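Chain by chain, the residues:
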Amino acid sequence: MYDVKGQLNKVRQSLPNGVRLVAISKFHPAEYITAAYEEGQRVFGESHEQELAQKVKVLPPDIEWHFIGHLQTNKVKYIAPYISMIEAVDSLKLLREIEKQAAKADRVVRVLLELHIAEEATKYGLTLDACRQLLADGEWRQMSHVQICGLMMMASNVDDEAQIASEFQTAANFFDEVKQQYFAADPHFCERSWGMSHDYHLAVQHGSTMVRVGTTIFGPRVY
Ligand SMILES: *Cc1c(COP(=O)(O)O)cnc(C)c1O
């Protein structure tokens, strides 16, 4: 088995105080998650509803699950009863559905708004203007079962560190903008989820509070 425990501890030691680690366990077996759990890791991220449902069944109940993938509205009802955070909210429609299903489950689901800053045309997420629009529209203020806790983004998958850094900084500046404009009095709006295996060192230099690291901890994924 891949040295999950050793790798996990290496990643942890490299993170400054105040940056949380979401261990991205998608496509890895439950025993890998157990290994990390035994080292005290409690926050894990998955991107497929069915895979997540199977893992939830067999793993300890005190794990905090983050949904990090693109979530279809028709899948929200399956995860709303137990999900701790939905990281990639990229439309008002999805936000509405989370509110509806979380209300049914009688819980509050924490969410992040996903920004599209990277150059790739295929990536999901809200442009900065679409995000401004969503917040200005104000419907989210009526939602008592979703709590908007911050922003999430993925940088372009390139080697150019200057470009990656500039995308993280754009996200960090945007966070400051919306924090000031909409969430100045809301301590829950505090998360900046950026940084993956290949770029989390850079992400923490640009305001990340939450890194999503998979491959470095669990090894390459077998799809
Ligand atoms: C898979 C995934 C990650 C983890 O990527 P690694 O390169 O394995 O660290 C982080 N964020 C999102 C949104 C992902 O889908």
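Keep in mind it's a predicted model, so treat the numbers as computed, not measured.

> Give me the lowdown on the pattern of salt bridges, citing residues and values where you can.
The full count for this structure, using the stated rule, is nine salt bridges. Between Arg42 and Asp62 there is a salt bridge, and its shortest N-O distance comes to 3.1 Å. With Arg42 in the loop between helix H2 (30-38) and strand E2 (43-46) and Asp62 in the loop between helix H3 (49-58) and strand E3 (64-67), this residue pair connects regions lying 20 residues apart in the sequence. The class of Arg42 is partly exposed, set by a relative accessible area of 27%.

> An account of the site of the ligand is needed here, citing residue identities and associated values.
Taken together, Ile24, Lys26, Ile68, Met152, Met154, Met196, Ser197, Arg212, Val213, Gly214, Thr215 and Arg221 are the residues near the ligand. Note that an oxygen atom of the ligand is positioned 2.5 Å from one of the side-chain N or O atoms of Ser197. Its free accessible area being 390 Å², the ligand has 90% of it covered by the protein chains.

> Tell me about the nonpolar core, and name the residues and values.
Ranked by size, the top nonpolar core spans 63 residues in total, and within it Ile86, Leu95, Ile98, Val111, Leu135, Leu151 and Ile217 carry the most contacts. A per-element tally of this core places helix H7 (residues 161-182) first, with nine residues. Beyond its immediate stretch of four places on either side in the chain, Ile217 contacts Tyr2, Asp3, Val4, Gln7, Leu8, Val11, Leu21 and Ala23. The next biggest cluster of nonpolar side chains, apart from the first, holds ten residues, and it includes Ile24, Ala88, Leu112 and Met152.

> Let's hear about unusual backbone geometry: which residues, and what values?
A positive phi angle, close to 70°, is found at Phe27, a residue other than glycine. Tracing the chain through its elements places Phe27 in the loop between strand E1 (20-24) and H2. Relative accessible area serves as the criterion here: at 31%, Phe27 is assigned to the partly exposed category. Residue Asp106 is not a glycine yet carries a positive backbone phi of 60°. Checked against the element boundaries, Asp106 lands in the loop between helix H5 (92-104) and strand E5 (109-115).

Quick notes on the rules
- Residues numbered from 1 in each chain as written.
- Predicted model: local features only at pLDDT ≥ 70, side-chain atom pairs only at ≥ 80, totals over all residues.
- Heavy atoms only, no water.
- Salt bridge = Lys/Arg side-chain N within 4 Å of Asp/Glu carboxyl O.
- Helix = DSSP H or I, 4+ residues; strand = E, 2+ residues; numbered from the N terminus.
- Buried < 20%, exposed > 50% of the residue type's maximum accessible area, 1.4 Å probe, protein only.
- Near = heavy atom within 4 Å.
- Polar contact = N/O pair within 3.5 Å; in protein donor to acceptor, adjacent residues only side chain to side chain.
- Areas by Shrake-Rupley, 256 points an atom, 1.4 Å probe, with all protein chains shown as cover.
- Core = buried A, V, L, I, M, F, W, Y, C linked by side-chain atoms within 4.5 Å.
- Contact = heavy atoms within 4.5 Å.

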